[in-house]
Amino acid sequence: MMQEQITQYTTEINTFHPDSAAELEAFRIRFLGTKGLIKDLFDQFKTVSPEEKRTLGKTLNEFKQLAETKYQSLKEQLETQPEKTALKDDLTLPGEGFQLGSRHPLSLVRNEIIDIFKRLGFIIAEGPEIEDDWHNFSALNFPEEHPARDMQDTFFISKKSPADSGEAAGDIALRTHTSSVQVRMMEAGKPPFRAIMPGRVYRNEAISARAHCFFHQVEGLYVDENVSFADLKQTLYHFVLELYGEGTKVRFRPSYFPFTEPSAEMDVSCSICKGAGCQMCKYSGWVEILGCGMVDPNVLENCGIDPEKYTGFAFGMGIERITNLKYQIRDLRLFSENDIRFLKQFQTEIS
Ligand code: DAH
């Protein structure tokens, strides 16, 4: 009789899953209370025969242990995860909120760059990531043998082969820079042009902390009558002050790009050590952030714009580079690994 009862209660205990603290308390009173079932069983135990006592004693003690352990563990669970059990009862409480993500650091910096140029009256333009040789190279005045056209740098989608013929023969590639969008813009419209062109670009590089097979750039173009190098300097200087703050210094170093003449690279005083010298600026106090120059007359002509009447400046910068400097990130691979521990460090209000 007692044995049967114990078996039945054991099943009941094992399948007990309370939804609230109140249910757990009812369980305690039913089994472990001073007038509970266990007390009752122990009372019955006193009346059984000595032979029965020998086997039943052990079973009864084990059963008591089971009830106590179950109660203790449920109680702890309820204390540590109250929302899973107790709160279910209170229907007036607000629902569980969704976990919000955060903006990717590259998006944050891209938006910041866009905002600065928007305030200067630049519009935003975009172009295709799969480009032809004309827009990516030829129209931009790249000589036929220029190393940037090389297979080492460019992901070709269709290869040039002697057997190829016709228009589309072998000159489709993933764009290697956003300068191609300049060409598309100038071909499609009439001056003045004042635009920035953010986008993803691709290069055939081995992936490491310092190089990746894809990254992001923002291209800028300003073409009108009487645009001068002074306009270029002033625009970019203003951009840098907005981006890195008052007091940031800039310097222009002569450089070469096929599509600009003259060309320059722009350095800014290191925003991390303020020019004193640190690992980020390789102890020089300066970091290069972009390439720029006056649009080469050949490029204007290739796009159907009269270089006698119009002049312009262009610039291009890598968003990863600017982001690295801003957040002191030393490994490019982090941007595309989607590691939540990295991404959540850039919590911002999603708007
Ligand atoms: N397209 C160049 C690159 O990918 C960056 C650049 C340099 C763009 C000078 C420009 C420029 O428009 O004027 O390295």
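Computed from a predicted model, the values in this text were never measured in an experiment. (Residues numbered from 1 in each chain as written. Predicted model: local features only at pLDDT ≥ 70, side-chain atom pairs only at ≥ 80, totals over all residues. Heavy atoms only, no water.)

1. Points about the sheet that holds strand E4 (residues 193-202)
Next up, step 1: Strand order across the open sheet formed by seven strands is E1-E4-E5-E9-E8-E7-E6, with mixed pairing between neighbours. Strand pairing shows two members of the sheet lacking a second neighbour, strand E1 (123-124) and strand E6 (250-257), which therefore form its edges.
Next up, step 2: Strand direction decides the pairing type here: E6 and strand E7 (residues 260-269), joined by seven bridges, are antiparallel. Within E7, the residue paired with Phe 257 across the bridge is Thr 260. (Pairing = 2+ DSSP bridges. Helix = DSSP H or I, 4+ residues; strand = E, 2+ residues; numbered from the N terminus.)

2. Some words on the pattern of salt bridges
Next up, step 1: The final tally for this structure, using the stated rule, is 15 salt bridges.
Next up, step 2: Across the pair Glu 265 and Arg 253 runs a salt bridge, and its minimum N-O distance is 3.3 Å. Here Arg 253 lies in strand E6 and Glu 265 lies in strand E7, a separation of twelve residues in the sequence.
Next up, step 3: Judged by its relative accessible area of 27%, Arg 253 is partly exposed.
Next up, step 4: Between Arg 341 and Asp 339 there is a salt bridge whose closest N-O contact spans 2.6 Å.
Next up, step 5: Overall, the relative accessible area of 60% leaves Arg 341 in the exposed class.
Next up, step 6: Among the charged side chains, a network of salt bridges with common partners joins Arg 251, Arg 253, Glu 265 and Asp 267. (Salt bridge = Lys/Arg side-chain N within 4 Å of Asp/Glu carboxyl O. Buried < 20%, exposed > 50% of the residue type's maximum accessible area, 1.4 Å probe, protein only.)

3. Description of the pairing of strand E9 (residues 311-318)
Side chains on a regular strand alternate between the two faces of the sheet.
Next up, step 1: For strand E5 (residues 214-224) and E9, the ladder comprises eight bridges, and the chain directions are antiparallel. Note that in E9 the partner of Gln 217 across the bridge is Gly 318.
Next up, step 2: Two elements, strand E8 (residues 286-295) and E9, share five bridges in a ladder whose sense is antiparallel. Bridging from a neighbouring strand, Gly 291 pairs with Gly 316 of E9.

4. Observations concerning helix H5 (residues 105-119)
Three or four residues apart is the spacing at which side chains of an α-helix point the same way, because the helix has 3.6 residues per turn.
Next up, step 1: With 15 residues, H5 should reach 21 Å at 1.5 Å per residue; the first-to-last C-alpha distance of 21 Å fits that figure.
Next up, step 2: All of the buried residues in H5 are Pro 105, Leu 106, Leu 108, Val 109, Ile 113, Ile 114, Ile 116 and Phe 117.
Next up, step 3: With its phi angle positive at about 95°, Gly 121 sits one or two positions after the end of H5. (Expected span 1.5 Å × (residues − 1).)

5. Observations regarding the UniProt feature "binding site: Mg(2+)" (unreviewed entry) in the protein chain
Next up, step 1: Those residues carrying the UniProt feature "binding site: Mg(2+)" (unreviewed entry) are Glu 261 in this numbering.
Next up, step 2: Tracing the backbone shows Glu 261 in strand E7.
Next up, step 3: You can call Glu 261 partly exposed: its relative accessible area is 48%.
Next up, step 4: Excluding anything up to four places from it in sequence, Glu 261 contacts Met 294 and Asp 296. (UniProt positions renumbered as here; feature names shortened; annotations may be inferred. Contact = heavy atoms within 4.5 Å.)

6. Here's the deal with the domain arrangement of the protein chain
Next up, step 1: You can read the domains of the protein chain as domain 1 (2-89) and domain 2 (105-349).
Next up, step 2: The centre of domain 1, based on its C-alpha atoms, is set 72 Å off from the matching centre of domain 2. (Domains from an automatic or database assignment.)

7. Quick notes on the packing of aromatic side chains
Next up, step 1: Under the definition given, this model contains 19 aromatic pairs.
Next up, step 2: Their ring planes at 70° and their centres at 6.3 Å tell us that Phe 229 and Phe 252 sit as a pair that is edge-to-face. Of the two residues, Phe 229 sits in helix H8 (residues 229-244) while Phe 252 sits in strand E6, which places them 23 residues apart along the sequence.
Next up, step 3: The class of Phe 252 is partly exposed, set by a relative accessible area of 22%.
Next up, step 4: Taken together, a centroid distance of 5.2 Å and an interplanar angle of 70° make the contact between Phe 342 and Phe 346 edge-to-face.
Next up, step 5: Assessed through its relative accessible area of 7%, Phe 346 is described here as buried.
Next up, step 6: Linked through ring pairs, Phe 117, Phe 122, Tyr 222, Phe 239, Phe 313 and Phe 315 together constitute an aromatic cluster.
Next up, step 7: Just above the ring of Phe 45 sits the side chain of Lys 53; from NZ or CZ to the centre is 5.9 Å. (Phe/Tyr/Trp six-rings, centres within 6.5 Å; stacked < 30°, edge-to-face > 60°. Lys NZ or Arg CZ within 6 Å of the ring centre and 35° of its normal.)

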